[in-house]
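# Results of the structural survey
So the chains spell out like this:
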Amino acid sequence: MASPAPAPELSADVTDQVARLRPRDVALGILTYNDASTVKTVATMAAQGMEKHFPGASAVFVNADAGSSDGSGEVLAAAGLPVVSAAYAAPPDERVTVPFHGIPGRGAALRTTFEVARRLGVQVLVLLEADLQSMTDDWVARLAGPVLDEHADYVSPVYARHRYDSTIPTLLVGPLVRALYGRRVRRPLGGQQALSARLLEHLLMHPKWNWTGRDISDLWILGTAIADGFAVWEGWLGRRMIRSATRTADLPTMVAQVLGSAFTLMDRHEELWLEVRGSEVLPEVGEPVLPSTEAMVVDVQRMVDGFRRGERDLTSIWEYILAPDTLGDVLSLDRPGAFAFPDDVWARVVYDFALGHHYSVVHRDHLLRSLVPLYLGRTAAFVLATQGLTAEATNAATEAVGAAFERQKPYLVERWR
């Protein structure tokens, strides 16, 4: 049996800050990297939320900074709550090309934040994005409340959104997480989250948390919380609007980073998901909101053209990745009439890419980027299938994608072992 992971080391300065401020009931963790222009809004709303919803609780900001040059950390001090400031060394390559979530070395930042929160003796750690612009003071209540009042251990966010926003979570990562871990998490990698003291302790001692490079720790945290029996909830937060100068907007890079991390975690933690069958809805707090169906210009033809270019240029790579039957289904998608991409075919496509990553059938970066035309085709098909539907029917179409990933999971498991 693997030994527990060593606790993250804290500098003498951070240790002194913790000693002066402990104990605290709530830690508000904010990871920063040149976010001075946006973090004030987040800090102000967080402080107001604590005062409004938890007036008797003692709170503290925990700021893990990746080496900001714009004074991001100093902004927090003006929000009215004490601050523990913990700078950390981000990997040089991530400073040059910042990951899609905008924080170089996010895994190290999270571990540092968790350790500070643990030493502060908090009941709950609430993590907030520093470049968030739509936060209200109710968000703290929706995230921390289930932990403080309902014995939840992990609270994942759900956002009010347009039905064609955020299709990476709704059509790709969400269905994959649902099938792997058996919980219908609507917004994996949603940015905001809350963790209980006992989950923090468990994660910090877990022998599998030894992160380097670009792995996305959030997915591992969520999967571990589910697999190890912790109570996972969802909190409805409202609209999520981000204003960032560091996050990438390049779709191939985003898909490669997100899906590459998910596939890497499948390799490292297969014991968490191989035996899981079926799925459950999560307890939730807040008022559910149907996706908006207001008119939005979506360039479906451009997405279909992207799929066709992939079909023209990448079939020689897909032949190594996709099973023959799956490849045959993909090559027959673009028939005369409306473009369609059946849910079960899409699930098998994603699983074949997971298997190709697992067995390293081609260079992994090439593999991940070659999925982008297929993702564009699946998104185009989703828009075409739902553009005349109600919000309720659109939700049902999204649900059907997750159900297909569950149905096809035996296909994945049989080929994985």
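Description of the structure in this document. All residue numbers refer to positions counted from 1 along the written sequence of the respective chain. Since the coordinates come from a predicted model, pLDDT governs what is reported: local features require at least 70, and pairs of side-chain atoms require 80 or more to be given and counted, while whole-chain, interface and lining totals use all residues. Only heavy atoms go into the side-chain values, all of them from the structure, while hydrogens and water stay out.

Looking at the second largest pocket, its volume works out to about 620 Å³. Here a cavity means grid points, on a 1 Å grid over the protein atoms only, where a 1.4 Å probe fits yet cannot get out; a pocket means an open set of points with protein on both sides within 12 Å along at least five of seven lines; lining residues are those with an atom within 4 Å of a point. Forming the boundary of the second largest pocket are 26 residues, of which Arg184, Arg186, Asn395, Thr398 and Glu399 lie nearest the centre. Looking at the lining of the second largest pocket, the elements that each hand over two or more residues are strand S5 (154-160), helix H7 (167-181), strand S7 (232-239) and helix H17 (391-407). When residues of the lining of the second largest pocket are assigned to their parent elements, the largest contribution, 5 residues, is made by H7. Of the residues contributing to the lining of the second largest pocket, the split by class is 12 nonpolar, 6 polar and 8 charged. Grid points are joined across faces, edges and corners, and a volume is the space filled by probe spheres set on the points. For helices the rule is a DSSP run of H or I covering at least 4 residues; for strands it is a run of E covering at least 2, with both sets numbered from the N terminus onward. Ten residues, namely Ala, Val, Leu, Ile, Met, Phe, Trp, Tyr, Cys and Pro, are considered nonpolar, four, namely Asp, Glu, Lys and Arg, are considered charged, and the remaining ones, Gly among them, are considered polar.

Here the amide bond leading from arginine 22 into proline 23 is cis, since omega sits at 0°, within 30 degrees of zero. The topology assignment puts proline 23 in the loop between helix H1 (12-21) and strand S1 (26-32). Positive phi is not limited to glycine here, since serine 166 has a value of about 55°. Inspection of the secondary structure assignment puts serine 166 in the loop between S5 and H7. Partly exposed describes any residue whose relative accessible area lies between the buried limit of under 20% and the exposed limit of over 50%, with all areas from a 1.4 Å probe on protein chains only and scaled to the type maximum. Assessed through its relative accessible area of 27%, serine 166 is described here as partly exposed.

Moving on to the environment of phenylalanine 339. One can find phenylalanine 339 in the loop between helix H13 (324-331) and helix H14 (343-359). C-alpha separation for the pair phenylalanine 339 and alanine 12, spaced 327 residues apart in sequence, amounts to 61 Å. Contacts are residue-level and defined by heavy atoms, with any inter-residue pair within 4.5 Å sufficient. Apart from residues no more than four positions distant in its own chain, phenylalanine 339 is found in contact with Val304, Phe307, Leu333, Asp334, Gly377, Ala381 and Leu384.

The next subject is the sheet that holds S1. Two strands qualify as a pair provided that DSSP identifies no fewer than 2 bridges between them. Within the open sheet, the 8 strands sit side by side as S3-S2-S1-S4-S6-S5-S7-S8. Their pairing is mixed. The strands lining the two open edges of the sheet, one partner per strand, are strand S3 (83-87) and strand S8 (284-285). The sheet contact formed by S7 and S8 spans 2 bridges and is parallel. Bridging across to S8, glutamate 234 finds its partner in glutamate 284.

A word on the nonpolar core. Among the buried residues, those of types Ala, Val, Leu, Ile, Met, Phe, Trp, Tyr and Cys that are joined through side-chain atoms within 4.5 Å form a nonpolar core. Residues Phe114, Leu195, Trp346, Val349 and Phe353 are the most contacted members of the largest nonpolar core, which totals 103 residues. Once residues within four sequence positions are removed from consideration, valine 349 is found in contact with Leu322, Thr326, Val330, Phe341, Leu371 and Leu374. Among the nonpolar cores identified, the runner-up in size contains 35 residues, and Val39, Val42, Met45 and Ala144 belong to it.

Time to look at helix H9 (residues 217-227). Because each turn of an α-helix spans 3.6 residues, side chains separated by three or four positions end up pointing in the same direction. In terms of residue burial, H9 counts as a mostly covered element, since 10 of its 11 residues are buried. When we look at burial in H9, the residues that qualify are Ser217, Asp218, Leu219, Trp220, Ile221, Leu222, Gly223, Thr224, Ala225 and Ile226. Just past H9, the residue glycine 229 takes up positive phi, approximately 85°.

Turning our attention to the pattern of salt bridges. The salt bridge criterion pairs a side-chain nitrogen of Lys or Arg with a carboxyl oxygen of Asp or Glu, the two atoms within 4 Å. The tally for this structure, following the rule as stated, stands at 23 salt bridges. Linking lysine 52 and aspartate 137 is a salt bridge whose minimum nitrogen-to-oxygen distance equals 3.4 Å. Of this pair, lysine 52 sits in helix H2 (residues 36-53) while aspartate 137 sits in the loop between strand S4 (124-129) and helix H6 (138-150); the two residues are 85 residues apart in sequence, bridging distant segments of the chain. By relative accessible area, aspartate 137 is classed as buried at 17%. Arginine 369 serves as the salt-bridge partner of aspartate 365, at 3.2 Å between the closest nitrogen and oxygen. Of this pair, aspartate 365 and arginine 369 both sit in helix H15 (residues 364-369), separated by 4 residues, roughly a single helical turn.

It is worth spelling out empty space enclosed by the protein at this point. Tallying each qualifying case throughout the model produces 3 cavities of 30 Å³ or more. Of the pockets and cavities examined, the largest cavity occupies roughly 70 Å³. Lining the largest cavity, in full, are Val173, Leu176, Val177, Leu180, Tyr181, Leu219, Ala262, Leu265 and Met266. At the level of elements, H7 and helix H10 (251-268) are the ones that each hand at least two residues to the lining of the largest cavity.

A fitted line through C-alpha atoms represents every axis, and for helices the fit uses only the stretch in contact; the resulting angles, taken between N-to-C directions, go from 0 to 180 degrees. Interhelical geometry of H10 versus helix H16 (residues 372-386) gives an angle of 100° and a closest axis separation of 10 Å. It follows from the interaxial angle that H10 and H16 lie roughly perpendicular. Mapping the contact onto sequence places Leu251, Pro252 and Val255 in H10 and Val372, Tyr375 and Leu376 in H16. Partitioned by chemical class, the residues of the contact of H10 with H16 number 6 nonpolar, no polar and no charged. Angle categories: roughly parallel below 35 degrees, roughly antiparallel above 145, roughly perpendicular from 65 to 115, and oblique for all the rest.

This part is about the side chain of arginine 106. Among the secondary structure elements, arginine 106 is positioned in helix H5 (residues 106-120). Looking at arginine 106, its side chain comes within polar contact range of the side chain of aspartate 218, at 2.7 Å. Each polar contact in these results corresponds to two N or O atoms within 3.5 Å; when the atoms are within protein, one needs to be able to donate a hydrogen and the other to accept it, and residues that are neighboring in sequence are counted only if both atoms are side-chain atoms.

The next point concerns the environment of glycine 56. Of note, glycine 56 is situated in the loop between H2 and strand S2 (59-65). Overall, the relative accessible area of 74% leaves glycine 56 in the exposed class.

That is the geometry; function is a separate question.
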